[in-house]
Structures are given as structure tokens and as C-alpha cells.
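Structure at a glance
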Amino acid sequence: MRKFNSKTITDICMIALGCAIYGLSLDIVSVPNRLADGGISGICLILRHFWNIDMGFSSLVLNIPLIILGYRFMGKHLLSYTIWGTICLSFFLWLWRLFPIISLNLDHDLFLAALLAGSLSGLGLGLVFRYNGTSGGTDILARIAQIKYGVPSGKVLFAFDALVLVASLTYLDITHMMYTLFDSFILSRVMDAVQQGAYSARGLLIISDKYKEIGQMIDLKLSRGFTYLEAKGGYKEENRPVIYVVVEPREVPAIKDLIKQEDPHAFVSIIEVHEALGEGFTYKQKQRHLFIRK
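Here is a short report on the structure shown in this document.

Cut-offs and rules
Residues numbered from 1 in each chain as written. Predicted model: local features only at pLDDT ≥ 70, side-chain atom pairs only at ≥ 80, totals over all residues. Heavy atoms only, no water. Phe/Tyr/Trp six-rings, centres within 6.5 Å; stacked < 30°, edge-to-face > 60°. Helix = DSSP H or I, 4+ residues; strand = E, 2+ residues; numbered from the N terminus. Buried < 20%, exposed > 50% of the residue type's maximum accessible area, 1.4 Å probe, protein only. Salt bridge = Lys/Arg side-chain N within 4 Å of Asp/Glu carboxyl O. Pairing = 2+ DSSP bridges. Axes fitted to C-alpha atoms, helices over the stretch in contact; angles between N-to-C directions. Contact = heavy atoms within 4.5 Å.

**Remarks on the packing of aromatic side chains**
Within this structure, the stated rule accounts for 8 aromatic pairs. For the ring pair Phe 111 and Phe 182, a centre distance of 5.1 Å and an interplane angle of 20° mean the geometry is stacked. Of this pair, Phe 111 sits in helix H4 (residues 110-130) while Phe 182 sits in helix H7 (residues 174-196), and the two are 71 residues apart along the sequence. Judged by its relative accessible area of 25%, Phe 182 falls in the partly exposed class. Taking 5.5 Å as the distance between ring centres and 85° as the angle between the ring planes, the aromatic pair formed by Tyr 211 and Tyr 228 counts as edge-to-face.

Rendered as C-alpha cells:
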């Protein structure tokens, strides 16, 4: 059995906190302002509207088959976190409905309501996913897609949400539906940002015959470390080094100018970097006091 340690306790607490924020968003923002939701939560809202079924109960019942499906792909550890997240969400949906701490009726400003609902829901779900859990429902399907295919969970959730939102047109008018779509878009963006962190950088792959000169100028003018990767050309099959360097987004124009000065024909590929880990990497620039010719 997996022993409880500080990381496990932190995961459990943060998953519970994320579910609390998500449940609060549904109960104090989405429901009072007649905003729908996607996935299982959206289905629960439909059941609540037509048959007044408690959202906490319906959420728990609908999650059972999805939890069984998740067992095949997620393993016992992730599944235990999923069960915990499902129970937490059902509990907080029941709690906030029983003891509403505040009710934000923003019918006069649905844009603000959608923005608030999307931000709170994205924050809550982002915390849940960041700490290796899900809140059940289509989150399980999004986690499976992320694990098996590497698809960002926010995009998967947005696709599933769209299907449920179409069904929500049975009780919502088109105005509330469009604001709900905006809510779902904000949710997906905030969720991915929270899950991946505020880290933002750019990785550059540089192929040039003047790799030594470019590497030297990257070190001197930008004070950035870099790595030579061994590669082979596809046409001539000649071995040649490829420079890999990670920089801040604002430094991209400077490094492009630097490369162009040394080799106008260099091939450069720029990719988005969400996180960089490992010994020897620092996102802070080295402090140097060198005279560099211009």
C-alpha cells in the first residue's frame, strides 16, 4: 500500500480545495445567473432544472460508470484521487446549496457573470488536475486523453462541454447559451494556465554551419546556456550539431537578430516551453560584467 507522506497529504488537500472552488462557482454564480455547464455538471444542471434532482446526488450516481472506465487507464493511484475528487465535488455541491455563503445574481451583466464563473471554475479544476486528481465526470475522459494521447485537458473538456451545452438549449435561451460558451472558453484557458503554472518560455532549435559563432554570441550577449544536439541531415545525411536554447519570450526578437547577423540562412524553429526542469537550468540570467563589441 502507498504510504501517506507530505506530498500525498498536499495532493488530497489541494484536490479538495479545487473541488470546493468549482462547486462554489456552480452554486453561487452559474445557477443564480442561469448559466449552464459542460460535462457531468451540465447534465446535473439539466436534471435539476426539469426534475429538481439534487446536483450532489446526481453527480455521484453519474460518475460511477466513468470511474469504472477510468480504472483501466489510470491505475489505482490516480483512480483513488479521482474517487476522492468525485466525493469532494458531490459534498461541496450539497454543502454550498445547503449553506449558501453568498448568491451573485448578475442578470444585469451576464458578461461579468460568465467571466467570474469561468475564472472560478478554471481555478478549481486547474488545482484538481495540477495535483494529479480529477473531479470525476468528463474530467476522467480528459485525464485519459492527456495520459494516452498527450492532448491538453482543457481542450478535451471544451469539446465535451460543447456537446452538453447543445443539450442545455432545451431550457436556456440563446443569450444565456452564448455567455455559457464564453464561460467554458475562459474555464479551459484558466484551467490550463493553473495546471501548467505561470511559467512561460520559448525553446529554439537552431541549425547552422556557424553554430559555434552563434553559440558564443548567445552566451555573451544573452547570458544564456545552450546545448549542442547531435543530428543528421535528411538529404545529405551529414552529421551536424543543433543548438537548443531556452529564453524568455521578450528575448526572442533579440536572439533572432543575433542569429541573422551570424548566419542569415540559418534554420530556426521556435516552440513554446511550459516547464523546464533538471540540474543546471536556471531561468534567471547569469550576472556578467563583460565588454561586448557591437
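**Looking at the pattern of salt bridges**
Inspection of the entire model under this criterion finds 5 salt bridges. Residue Asp 209 pairs with Arg 240 through a salt bridge whose shortest N-O separation is 3.7 Å. Taken together, the residues span a long stretch of sequence, with Asp 209 in the loop between strand E1 (201-207) and helix H8 (211-221) and Arg 240 in strand E3 (residues 239-247) at a distance of 31 residues. Taking the relative accessible area as the measure of exposure, Asp 209 reaches 65% and is therefore exposed. Taking relative accessible area as the criterion, Arg 240 reaches 29% and is therefore assigned partly exposed. As a salt-bridge pair, Glu 248 and Arg 224 come within 3.4 Å of each other at their nearest N and O atoms.

**A short note on the sheet that holds strand E4 (residues 267-273)**
The 4 strands lie next to each other as E2-E3-E1-E4, forming an open sheet whose pairing is antiparallel. Looking at strand neighbours, the two that pair on one side only are strand E2 (227-232) and E4, the edges of this open sheet. In this sheet, adjacent strand axes meet at a mean angle of 25° when their direction is disregarded. Bridging between E2 and E3 involves 6 bridges; their strand directions are antiparallel. Its bridge partner lying in E3, Leu 229 is registered against Val 242. Across the face of the sheet, H8 comes into contact with E1, E2 and E3 while running at roughly 15° to E3. Sheet strands in contact with helix H9 (residues 252-262) are E1, E3 and E4, and its direction is about 10° off that of E1.

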